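Summary of structural features
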Amino acid sequence: MPEQNITYEDITPLLLKYPKDQRHALAIMQDMQRHFNYIPRKGLEALADYLGCHISGLYSMATFYKSLSLKPKGRHIIKVCDGTACHIRGAVNLVSGIERVLGISADEVTGDGEFSLELVNCLGSCALAPVMVVDDEYYGKVTTDRLPEIFDALRGEARP
Amino acid sequence: MLIKIDGKECGCKHGEFILEVAKRNGIEIPNLCHHEGLPGQGCCRVCIVEVEINGWRNIVTACVYPLERECEVFTNSPRVIKQRAMVLALLHSLAPGSSEVSELCEKYNVPSYRRFVKKNDTKCILCGLCAKACESLGTGAISTVNRGTGKAVTTPYGEPSYECVGCASCAKVCPTGAIMVEEGAGSRKIWGKKIPLLKCKKCGEPAGTYMELRRAAEKLGEGMPELCEACRKKEIAEKLASIYGY
């Protein structure tokens, strides 16, 4: 959802789930990330207002954690493992394959907002190398010719 | 309690930090991120010393190490010299533009390591003292953002902060003078924000930014101050002198 379409009516229910206490800041930001696919500026400002703290501290947290993002991410998040085992078994080819199919490289989002691509360092499933995870679903021994089929199936699907 | 620092006997209280005791006894321990008004930052690691307790020797950070039992402290043991040189070399590669860091490097004969790549000419050592000062003054306009190699100190979204009052406390506590403050005719520019300065009614020198003085006045519940700090002190001194008949 683009920033200008987000209203305080969208944000307030996320805030009200938690008491007004600074220790809930991270939990609320995680909820926002899940709800909007990113943390909108309005959300961060509303949160600072709600908790009675400075926006600088929240901004610091939001930029510190990798699971939080200040820019919109795709509806489906593709994580390609580029750890040692996956790297040797062709993770780089997989990334260029995704680039061909979806037209995005690492840390980018497709124009329709469906997919975003991230490179991670190890997913702990080296026996399945090269591994790709989309929305917490594991795909092992992925070959580039399987990619269009996987993404087409996901495109129609609702977000989990 | 008695401890020994470099062979000198020093009295100290339980829980006091080594750096304070050393300073009181005239023993120099170099440091960058320590500020008396904002203790406990403990991140530049320049003030490392070696502590010996019951024959066990350990490298500790003098500014945050509380003294709990009798011990002997060495501020210039071979281990300290070696590790401090490495800390300083790393800080120098992080902030090659800082004269404070290069002076320390020179003073402690730090060799230049070719494997440490100097990326830019910044002065900031990322100690975060500025953000701590801003936060503890209740302004909270700046903070450290990102992490790892991308870590930096900025305002939210890198834009001029509406919370910043331009008090320049961040620049005052900065150990390496990394924060830019431009004071021009009638205004001060800091963190990309220009704030008008208020002039002292007596001497005409700038007394502070309009916003910081208003904030201070609100907190104290007084009217806007009309004099700069120097003139205010002078006025109080004159008042006291006339009361006591000097």
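Residues numbered from 1 in each chain as written. Chains lettered and ligands numbered in written order. Predicted model: local features only at pLDDT ≥ 70, side-chain atom pairs only at ≥ 80, totals over all residues.

Structural notes on the overall build of chain A
- For chain A, the count of helices and strands is 7 helices and 4 strands.
- Along chain A, helices (α) and strands (β) appear in the sequence α-α-α-α-β-α-α-β-β-β-α when read from the amino end.
- Considered along the principal axes of its C-alpha atoms, chain A spans approximately 50 × 30 × 20 Å.
- Across the 160 residues that make up chain A, the buried fraction comes to 28%.
- Residue pairs at least 24 apart in sequence account for 62% of intrachain contacts in chain A once pairs closer than 6 positions are excluded. (Helix = DSSP H or I, 4+ residues; strand = E, 2+ residues; numbered from the N terminus. Buried ≥ 20, exposed ≤ 12 C-beta atoms within 10 Å, placed from the backbone. Contact = placed C-beta atoms within 7 Å.)

Looking at the overall build of chain B
- For chain B, the count of helices and strands is 7 helices and 11 strands.
- Taking the principal axes of the C-alpha coordinates as reference, chain B spans close to 60 × 55 × 30 Å.
- Taking all 246 residues of chain B together, 32% fall into the buried category.
- The long-range fraction of contacts in chain B, counting pairs at least 24 apart against all pairs at least 6 apart in sequence, stands at 53%.

Regarding the interface of chain B and chain A
- Each partner contributes to the interface: chain B provides 11 residues, whereas chain A provides 8 residues.
- In terms of residue class, the side of chain B that touches chain A is built from 4 nonpolar, 5 polar and 2 charged. (Nonpolar A, V, L, I, M, F, W, Y, C, P; charged D, E, K, R; others polar.)

Some remarks on the sheet that holds strand β1 (residues 2–5) of chain B
All names here are of chain B.
- Reading across from one edge, β2-β1-β5-β3-β4 is the order of the 5 strands in this open sheet, with mixed pairing throughout. The outermost strands of the open sheet, each flanked by one partner alone, are β2 (8–11) and β4 (56–61). Adjacent strand axes in the sheet meet at a mean angle of 30° when their direction is disregarded.
- Pairing of β1 with β2, which is carried by 4 bridges, proceeds in the antiparallel orientation. Each residue of the ladder has a partner; that of Leu-2, found in β2, is Gly-11.
- On top of the sheet, helix α2 (residues 78–94) reaches β3 (48–53), β4 and β5 (72–74); it is set at about 150° to β3, its chief contact. (Pairing = 2+ DSSP bridges. Axes fitted to C-alpha atoms, helices over the stretch in contact; angles between N-to-C directions.)

Details of the packing of helix α2 (residues 25–36) of chain A against helix α3 (residues 41–51) of chain A
Residue and element names in this part refer to chain A.
- Their axes nearest at 11 Å, the elements α2 and α3 cross at an angle of 150°. As far as their axial angle goes, α3 and α2 are roughly antiparallel. For the element pair α2 and α3, the recorded crossing hand is right-handed. Here Ala-25, Ile-28, Met-32 and Phe-36 of α2 lie close against α3, whose contacting residues are Gly-43, Leu-47 and Leu-51. (Parallel < 35°, antiparallel > 145°, perpendicular 65-115°, else oblique. Left-handed = near helix turned anticlockwise from the far one by under 90°.)

Description of the domain arrangement of chain B
Residue and element names in this part refer to chain B.
- In terms of domains, chain B is made up of domain 1 (2–107) and domain 2 (129–243).
- Centre-to-centre separation of domain 1 and domain 2, based on C-alpha positions: 31 Å.
- Here the side of domain 1 that touches domain 2 is built from residues that sort into 5 nonpolar, 3 polar and 1 charged. (Domains from an automatic or database assignment.)

Examining the nonpolar core
- The biggest cluster of nonpolar side chains holds 49 residues, and the ones touching the most others in it are B:Ile18, B:Leu19, B:Ala62, B:Ile125, B:Cys130, B:Ile142 and B:Cys170.
- Taken together, the elements giving at least two residues each to this core come down to β1, α1 (18–24), β3, α2, α3 (99–107), α4 (129–136) and α5 (169–173) of chain B.
- Tallying contributions element by element places α4(B) first for this core, with 5 residues.
- Looking at which domains feed residues into this core, each of domain 1 (2–107) and domain 2 (129–243) of chain B gives three or more.
- Those residues in contact with B:Ile125 that sit more than four places away from it in its chain are B:Leu32, B:Cys44, B:Leu91, B:Leu94, B:Ala95, B:Ser98, B:Val101 and B:Thr176.
- The next biggest cluster of nonpolar side chains, apart from the first, holds 17 residues, and it includes A:Ile11, A:Ile28, A:Ala48 and A:Leu51. (Core = buried A, V, L, I, M, F, W, Y, C linked by C-beta atoms within 7 Å.)

Let's talk about the pairing of strand β1 (residues 76–81) of chain A
- Bridging between β1(A) and strand β2 (residues 115–120) of chain A involves 6 bridges; their strand directions are parallel. The residue of β2(A) that forms the bridge with A:Lys79 is A:Glu118.

Thoughts on unusual backbone geometry
- Note the cis peptide between A:Ala129 and A:Pro130, where omega equals -5°.
- Backbone geometry places A:Asn37, a non-glycine residue, at a positive phi of 70°.
- Within the fold, A:Asn37 resides in the loop between α2 and α3.
- For B:Asp6, which is not a glycine, the phi torsion comes out positive at approximately 50°.
- Relative to the assigned elements, B:Asp6 resides in the loop between β1 and β2.
- The partly exposed category is assigned to B:Asp6, around which 17 C-beta atoms lie within 10 Å.

Looking at the environment of A:Ser67
- Here A:Ser67 shows up in the loop between α4 (55–64) and β1.
- Note: C-alpha distance between A:Ser67 and A:Tyr38 (29 residues apart in sequence) is 9.4 Å.

Points about the confidence of the model for chain A
- Overall, the predicted model of chain A reaches an average pLDDT of 90, with 97% of residues at or above 70.
- Mean pLDDT values for the elements of chain A range from 87 in helix α7 (residues 147–156) of chain A up to 95 in α4(A). (pLDDT = per-residue confidence, 0-100.)

Quick word on the packing of α2(B) against α3(B)
All names here are of chain B.
- Closest axis-to-axis distance for the α2/α3 pair is 9 Å, and the angle between their directions is 150°. On the basis of the axis angle, α2 is roughly antiparallel to α3. As for the relative orientation of α2 and α3, their crossing is left-handed in sense. Packed against α2, whose contacting residues are Leu-88, Leu-91 and His-92, the element α3 presents Val-101, Ser-102, Leu-104 and Cys-105 at the interface.
- When grouped by side-chain class, the residues that make up the contact of α2 with α3 number 5 nonpolar, 2 polar and no charged.

As for the sheet that holds strand β3 (residues 132–134) of chain A
Residue and element names in this part refer to chain A.
- Pairing is mixed in the open sheet, where 4 strands are placed in the order β2-β1-β3-β4. Looking at strand neighbours, the two that pair on one side only are β2 and β4 (137–139), the edges of this open sheet. Looking at each pair of strands side by side, their axes are set apart by 25° on average, direction ignored.
- On top of the sheet, helix α6 (residues 91–102) reaches β1, β2 and β3; it is set at about 150° to β1, its chief contact.

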